[in-house]
Amino acid sequence: MKSGTRIILISLLVVLAIPISSALAQESGPIYIVQPGDTLIYIAAVFGTTVEALADANGIEDPSLLIPGTELIIPGYEDISGVLTFYGVDFGENLFSLSLRYRISIDGLARLNRLVNPGQLYAGQPLIVPEKDEAASEIPNVSLHLPILGESKLEMAVRAGINPWSLSPLSGGGIRSWIVPGVPVVTPGGDGWSGALPSPYIEASINPLLTVQGRTTVFRVAINGSGWLSGRLSDRQLHFFPHDGGYVALQGIHAMQNLGLYNCELDLYSTEGGELIYSFSQPVRVLDGGYGFENINGVPAETVDPEVTGPERAMVEALLAEATQEKQWEGTFQYPSDYYTESFVSIYGTRRSYNWGAFDFYHTGLDLYGSIGLPILAPAPGRVVFAGPLIVRGNATYIDHGWGVYSGYFHQSKIFVSVGDWVETGQVIGEVGNTGRSTGPHMHWEIWVGGVPVNPLEWVENGFP
Ligand SMILES: [Zn+2]
C-alpha cells in the first residue's frame, strides 16, 4: 500500500483557534485535515471550491479562523470518501490503476485534481487522493490481462482461458468492444497487480522518479513470462540487460536537456515471431540540475571552432553509443587518481563560455587537480575503446565498462594503453598533462551512460544499478 504524505499548505498567516459548530451542514464527502498555517482561502483554492461553500459544509461561523487538526469536509465531491493526502504517481500508474487502488472513479480523481489532461500523468506527479482506513485500502483482488494489440476482449478472454462475462462489469465497454491500447483489461480475482501495467510486467520503476539534468537514471522492469523488452526515453533507445531476475537499463539525462516532460515507452515483443504484444508509455519529468556558469580564457582558438568541435564530438558520440552486454563493474567506481581532494578544479555540468564567447558549452566531466606526470588510474574494469590524440580533448582515453557505461580521460601527457586492451581497477592507464583545450595541467574525467555524459561523482558515491 502506498502511503501518502499529508497535504501541508504553508502560509505566513497566524491562525487562532475558534470553536467550530458541531452541527455539520454536510454529511458526506472527502475529509481534509487542517494543517498549521492553513486558511480557508488556501484550502478553497486547492480544491476548487469557495470559502462560503467550505464554511457552509462544515458549519464554520468565522471563516477567518481555523484550528489545525480540524477535519473539514470538502464540498462538491459527495461521491468521494476518505482522508485526502498527497501521492506521488509511480512509474507504471495511470488514472485507471489509481482509481482501482483508491476506489474512486477516474472522473472523481480527475475532478479532485482538476486535471486538464488526465491521460498524461507523469511519473512523480503529485496527486490528491482519498486515503481510506487500512482495511478498506487493501489493494483490490483483481488481475490485469495482457491484450494483444488489435484483438477484442472476447478474443482475449478465449485466448487467456477466462470467463468472458467476467470482463464486462469491471472493464466496461461491453464484451464485444475492442481493446483500447494503453487500457489493460481487468478481471476479478487472481494475484496479478502491478499498477496500470498488465500481467506480463510484474514491476516497473524509475529511479529517481523525477529525473534530473546530468544524472544517471535507472529503469527496472520485471517481466512475468517470456518476451523481450524494448524501451525509449524521448529519442533515446534504452538498453535493457538481465539483472536480478528482471531487466535494468541505465540512461543519462543530458545536462542541457530542456526541462519538461518526455515520453518513456516500454514495448514487449513475443519471443517467437517478435510481434509487439503490449506497449506502455508514460511521461517522465526532467528537473533542473542547478548548474552554474563559468568563462575560461586563453584556450587555443582551434579548440572552440565548431568546424573542429562538431566532428570530434560526433566521432566520440558514435564510439560511445554502443551498449555492450557484460557489466564489468561491481559497486562504486574509484577515483581515477590516488591524489584527490574534496575540492575540484571544475565540477560537472557548469555552463561554459570560452574566451568570452557564448555559453554554448557545458562541462562534460569532473576536473581533478594534478600536475604533469601524475598517474591516471582506471576507476573500474573495462576495455579500452579509444586511445590517442584529439584536438579538443588532447591525448585522450575511453574505457568501455559495459551496459553503455564508458569513462574518459583528457589532456593527458602520456597514454599507456591501446585500443582493445583490458584494464583492471587501479591500473595506471596514463599520466596527467595539459594537451588539447586546457589552460593548465589537470585531470578531466568523464562518465557516459547511454550516450550521454553524466556527473562522475554519482558513480563514486552510488553503486549502480
Ligand atoms: Zn574538464
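Structure shown above.
Below, the structure is looked at part by part. (Residues numbered from 1 in each chain as written. Predicted model: local features only at pLDDT ≥ 70, side-chain atom pairs only at ≥ 80, totals over all residues. Heavy atoms only, no water.)

## With respect to the overall build of the protein
(1) Moving on: In terms of regular secondary structure, the protein is built from eight helices and 29 strands.
(2) Moving on: Burial analysis of the protein (465 residues in total) assigns 52% to the buried set.
(3) Moving on: A fraction of 69% describes how many contacts in the protein between residues 6 or more apart in sequence connect residues 24 or more apart.
(4) Moving on: Of the accessible surface of the protein, which amounts to about 20,800 Å², a share of 54% is contributed by carbon and sulfur atoms. (Helix = DSSP H or I, 4+ residues; strand = E, 2+ residues; numbered from the N terminus. Buried < 20%, exposed > 50% of the residue type's maximum accessible area, 1.4 Å probe, protein only. Contact = heavy atoms within 4.5 Å. Areas by Shrake-Rupley, 256 points an atom, 1.4 Å probe, with all protein chains shown as cover.)

## Remarks on the packing of aromatic side chains
(1) Moving on: Applying the stated criterion to the full structure yields 16 aromatic pairs.
(2) Moving on: A ring pair is formed by phenylalanine 241 and tryptophan 403, whose centres lie 5.4 Å apart and whose planes are at 5°; its orientation type is stacked. A residue pair is termed long-range when its members are at least 10 positions apart, and phenylalanine 241 in strand 13 (residues 241-243) and tryptophan 403 in the loop between strand 23 (394-402) and strand 24 (405-412) qualify at 162 residues.
(3) Moving on: Tryptophan 403 gets classed as buried once you look at its relative accessible area, which sits at 5%. (Phe/Tyr/Trp six-rings, centres within 6.5 Å; stacked < 30°, edge-to-face > 60°.)

## Quick look at the nonpolar core
(1) Moving on: Counting residues in each nonpolar core, the largest one holds 33 residues, and the members touching the most others are Leu250, Phe333, Trp445 and Trp459.
(2) Moving on: Element by element, the count of residues in this core is highest for strand 28 (residues 442-449), at four residues.
(3) Moving on: Viewed by domain, this core spans two of them, domain 3 (201-287) and domain 4 (293-461), each represented by three or more residues.
(4) Moving on: When near neighbours in sequence (up to four residues on either side) are disregarded, leucine 250 contacts Thr217, Val218, His239, Trp329, Trp403, Val405, Val449, Gly450, Trp459 and Pro465.
(5) Moving on: Residues Tyr32, Phe47, Leu84 and Val129 belong to the second largest nonpolar core, which totals 30 residues. (Core = buried A, V, L, I, M, F, W, Y, C linked by side-chain atoms within 4.5 Å. Domains from an automatic or database assignment.)

## Some details on the environment of glutamate 431
(1) Moving on: Structurally, glutamate 431 is set in strand 27 (residues 428-431).
(2) Moving on: Of the residues examined, glutamate 431 reaches a relative accessible area of 17% and is grouped as buried.
(3) Moving on: For the pair glutamate 431 and glycine 370, spaced 61 residues apart in sequence, the C-alpha to C-alpha distance is 9.4 Å.
(4) Moving on: With near-sequence residues (within four places) excluded, glutamate 431 lies in contact with Gly373, Leu374, Ile376, Gln412, Ser413, Lys414 and Phe416.

## Here's the deal with the sheet that holds strand 18 (residues 351-354)
(1) Moving on: Reading across the sheet, the three strands line up as 17-18-19 and stay open at both edges, with mixed pairing between neighbours. The open sheet has two free edges, formed respectively by strand 17 (293-296) and strand 19 (361-362), since each of these has just one partner strand.
(2) Moving on: Looking at chain direction, strand 18 and strand 19 are connected through two bridges and run antiparallel. Following the sheet pairing, arginine 351 is matched in strand 19 by tyrosine 362. (Pairing = 2+ DSSP bridges.)

## As for the environment of valine 129
(1) Moving on: As for its placement among the helices and strands, valine 129 is situated in strand 5 (residues 126-131).
(2) Moving on: When the C-alpha atoms of valine 129 and glycine 88 are compared, they prove to be 9.8 Å apart, with 41 residues separating the residues in sequence.
(3) Moving on: Setting aside residues up to four positions removed in sequence, valine 129 forms contacts with Val83, Leu84, Thr85, Tyr87, Tyr102 and Leu109.

## Remarks on helix 1 (residues 40-47)
(1) Moving on: Looking only at helix 1, the buried set comprises Leu40, Ile43, Ala44 and Phe47. Mapping the buried residues of helix 1 onto a view down its axis gives an arc of 100°, with all of them on the same face.
(2) Moving on: Among the structural elements, strand 2 (31-33), helix 2 (51-58), strand 3 (71-73), strand 4 (83-88), helix 4 (106-112) and strand 5 are those in contact with the buried residues of helix 1.
(3) Moving on: Following helix 1 by one or two positions, glycine 48 adopts a phi angle in the positive range, close to 65°. (Arc of directions from axis to C-beta.)

## As for the pairing of strand 14 (residues 246-252)
(1) Moving on: Counted residue by residue, strand 14 has six buried out of seven residues, so it is predominantly covered.
(2) Moving on: For strand 10 (residues 216-223) and strand 14, the ladder comprises six bridges, and the chain directions are antiparallel. Its bridge partner being in strand 14, phenylalanine 219 is matched across the sheet by alanine 249.
(3) Moving on: Relative to strand 14, strand 13 is paired through three bridges, and the arrangement is antiparallel. Within strand 14, the position partnered with phenylalanine 241 by the bridge is valine 248.

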